Amino acid sequence: MACLLMLSSCSSVRHTSSTAAVETRVVNFTVADMDVNETKAEKTYSWNYNPFKPVSVSTIKENTEAELLKENGGDVLVDPQYIVKKRGIFRGGSVTVIGFPAKYTNFHKMTPTEAELIKTNAQEKKKAKKRWFFF
């Protein structure tokens with residue numbers, strides 16, 4: 001009896017139509033200005049060795065940068081520098097993040113002039129990479 005219950009289905013699925021994949025792409029280019037602080041900001045995080053709590057230096061760098069931006073009201077850090085000091089395997093270390101906090105302002109749709117400027121800059125970069133060296 002138990003085998004019959006396990007093999008039977010409680011409900012059936014009935015398909016009355018089929019679907020087809022539709023490939024669409026929606027693009028909306030948005031441009032923003034960036035207000036960069038004129039003075040560098042700095043934040044240091046130190047830790048002690050703990051065998052039960054492994055330390056990821058990359059995570060500490062990201063978290064310290066996020067705290068620095070939060071304290072200075074920034075959205076992004078321009079020209080970030082990271083100073084990592086490890087005091088030894090059983091002694092911990094520190095991470096110092098230095099940079100210019102910046103905030104995005106004046107969000108607007110890309111104008112044809114801005115699009116042409118971006119296109120021109122991309123073409124110039126492409127030409128600069130095609131350098132020939134003869135020895």
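To start, this report covers the structure provided alongside it. Here the residue index of a chain counts from 1 through its sequence in written order. Residues qualify for local features only when their pLDDT is at least 70, as the model is predicted, and side-chain atom pairs are given and counted only at 80 or more; totals for whole chains, interfaces and linings, by contrast, use all residues. By convention in this description, side-chain values take in all heavy atoms of the structure and omit both hydrogens and water.

## Topic: the overall build of the protein
A tally of regular secondary structure across the protein gives three helices and four strands. For the protein, the N- to C-terminal ordering of α and β elements is α-β-β-α-β-β-α. Should any heavy atoms of two residues lie within 4.5 Å, those residues are considered in contact. Expressed as a percentage of contacts within the protein between residues at least 6 apart in sequence, the contacts between residues at least 24 apart total 71%. Per-residue accessibility takes into account occlusion by the displayed protein chains alone, with areas from the Shrake-Rupley method and a 1.4 Å probe. As displayed, the protein has an accessible area near 12200 Å², and 56% of this comes from carbon and sulfur atoms. Starting at the N terminus, helices and strands are each numbered in turn, a helix being any DSSP run of H or I of at least four residues and a strand any DSSP run of E of at least two.

## Looking at the nonpolar core
If you look at the biggest cluster of nonpolar residues, it comprises nine residues: Ala41, Trp47, Val57, Ile60, Leu68, Leu69, Leu77, Val95 and Val97. Counting residues per element, the ones that place at least two in this core are β2 (41-47), α2 (57-72) and β4 (93-109). Per-element tally for this core: the top contributor is α2, with four residues. Once residues lying within four places of it in the same chain are set aside, the contact partners of isoleucine 60 are Tyr45, Trp47, Val55 and Val95. By convention a nonpolar core is built from buried Ala, Val, Leu, Ile, Met, Phe, Trp, Tyr and Cys residues, the set being connected through side-chain atoms within 4.5 Å. Relative accessible area decides the class of each residue, using a 1.4 Å probe on protein chains only: under 20% of the type maximum gives buried, over 50% gives exposed, and in between gives partly exposed.

## Some remarks on the layout of surface pockets
Only protein atoms enter the 1 Å grid, on which a cavity is a set of points fitting a 1.4 Å probe that cannot get out and a pocket is an open set with protein on both sides within 12 Å along at least 5 of 7 lines, lining residues being those with an atom within 4 Å of a point. Grid points are joined across faces, edges and corners, and a volume is the space filled by probe spheres set on the points. Each pocket or cavity is described by its volume, and for the largest pocket that value is around 240 Å³. Taken together, 13 residues form the lining of the largest pocket, with Tyr45, Trp47, Lys53, Val55 and Ile60 sitting closest to its centre. Counting residues per element, the lining of the largest pocket draws most heavily on α2, at five residues. Classification used: nonpolar for Ala, Val, Leu, Ile, Met, Phe, Trp, Tyr, Cys and Pro, charged for Asp, Glu, Lys and Arg, polar for all others including Gly. Of the residues that constitute the lining of the largest pocket, the class distribution is five nonpolar, six polar and two charged. When its volume is computed, the second largest pocket comes out at roughly 190 Å³. In this structure, the second largest pocket is lined by Trp47, Tyr49, Asn50, Lys53, Pro54, Val55, Val57, Lys86, Gly88, Ile89 and Gly92. Considered class by class, the residues forming the lining of the second largest pocket number six nonpolar, three polar and two charged.

## Quick look at unusual backbone geometry
Despite not being glycine, aspartate 79 shows a phi value in the positive range, around 55°. Along the chain, aspartate 79 turns up in strand β3 (residues 76-86). The residue asparagine 106 is not glycine, and still its phi comes out positive at about 55°. Tracing the sequence through the fold places asparagine 106 in strand β4. Classification of asparagine 106 as partly exposed rests on a relative accessible area of 47%.

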